Structure formats: structure tokens, C-alpha cells
Amino acid sequence: MQIIVDMNLCESHGQCVFAAPEIFSFDDDDHLAHEAAPPDALLGKAEKATAVCPVRAITVSPAAS
């Protein structure tokens, strides 16, 4: 799977960090960081993070082949 975060939309609310800490985190400057290609086993958490993002900045798509 591939995770894309539109940083022009992201307001760092952090809901994705709470929903999927294995994928999303904040760096030392409180900017959102994420794993761009997490294991497929984390798909459920990635989808939950997408759903809870208040500005809809997260997109989950299949891995590029």
C-alpha cells in the first residue's frame, strides 16, 4: 500500500497519529511524518487514519506495481 498526505491540506491535528501510530508521528518540530509504504498488514489502521482526518489530507492506495 502507499500512503500520501497532502501537506497543503494537513493542519497537524494528529488524529492519524492516534489512529495509526505505526504509520504516523510528529517530528521534533511538530510536523507530521509518515511511512509512505507501510506493510499491507497495517491497511486497517491506515484506513482508520484516513477516515478520522478532519481535513481529508490522507490517501491510501494500492502499492505501485
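Since the model is a prediction, treat every value here as computed from it, not as a measurement.

Participant: Help me out: how do you make sense of the environment of Lys45 in this one?
Facilitator: Position of Lys45 relative to the elements: it lies in helix H2 (residues 43–52). For Lys45, a relative accessible area of 35% translates into the label partly exposed. Each C-alpha atom of the pair Lys45 and Leu32 lies 17 Å from the other, and the pair is 13 residues apart in sequence. Contacts of Lys45, omitting those with residues within four sequence positions, involve Ala19, Ala20 and Glu22.

Participant: Whenever I open this one, a negative patch on the surface confuses me. Can you help?
Facilitator: Where like charges cluster on the molecular surface, the negative patch consists of Asp27, Asp28, Asp29 and Asp30. As for its placement among the helices and strands, Asp28 is situated in the loop between strand E2 (24–26) and strand E3 (32–34).

Participant: Would you mind going over unusual backbone geometry with me for this structure?
Facilitator: Negative phi is the rule for most residues except glycine; trans is the rule for most peptide bonds. Residue Asp30 is not a glycine yet carries a positive backbone phi of 60 degrees. Turning to its location among the elements, Asp30 is positioned in the loop between E2 and E3. Assessed through its relative accessible area of 55%, Asp30 is described here as exposed. Phi at Arg56 takes a positive value of approximately 55 degrees, unusual for a residue other than glycine. One can find Arg56 in the loop between H2 and strand E4 (58–61). Owing to a relative accessible area of 55%, Arg56 belongs among the exposed residues under this scheme.

Participant: Can you help me understand the state of the cysteines in this one?
Facilitator: Among covalent bonds in proteins, the disulfide is the one between the sulfur atoms of two cysteines. Applying the stated rule across the entire model yields 0 disulfides. Unpaired in terms of disulfides, Cys16 finds its nearest cysteine sulfur in Cys10, a separation of 6.4 Å. Cysteine Cys53 shares no disulfide, and the gap to the nearest cysteine sulfur, in Cys16, comes to 6.5 Å. In this structure Cys53 comes out as buried when scored by relative accessible area, which is 9%.

Quick notes on the rules
Once a new chain begins, its residue numbering starts again from 1 and follows that chain's sequence as written. Thresholds applied to this predicted model are a pLDDT of at least 70 for local features of residues and 80 or more for the giving and counting of side-chain atom pairs; totals over whole chains, interfaces and linings are not thresholded and use all residues. Heavy atoms throughout the structure, all of them, feed into the side-chain values; hydrogens and water do not. Think of it this way: any DSSP run of H or I at least four residues long counts as a helix, any run of E at least two long counts as a strand, and we number them from the N terminus. Three labels apply to residues, based on accessible area from a 1.4 Å probe with only protein chains included: buried if under 20% of the type maximum, exposed if over 50%, partly exposed otherwise in between. Here a residue-residue contact requires only that any non-hydrogen atoms of the pair lie within 4.5 Å. Exposure above 30% relative accessible area and the lack of any salt bridge qualify a residue for a patch; like charges then connect within 9 Å, and the nonpolar side chains Val, Leu, Ile, Met, Phe, Trp and Tyr within 5 Å. Surface accessibility in these figures is a Shrake-Rupley result with a 1.4 Å probe; residues are shielded only by whichever protein chains are displayed. Only one rule defines a salt bridge in this text: a Lys or Arg side-chain nitrogen within 4 Å of an Asp or Glu carboxyl oxygen. Two residue types count as positive, namely Lys and Arg, and two as negative, namely Asp and Glu; His and chain ends fall outside the count. A single reference atom marks each charge: NZ on Lys, CZ on Arg, CG on Asp, CD on Glu. Disulfide: a pair of cysteine sulfur atoms within 2.5 Å of each other.

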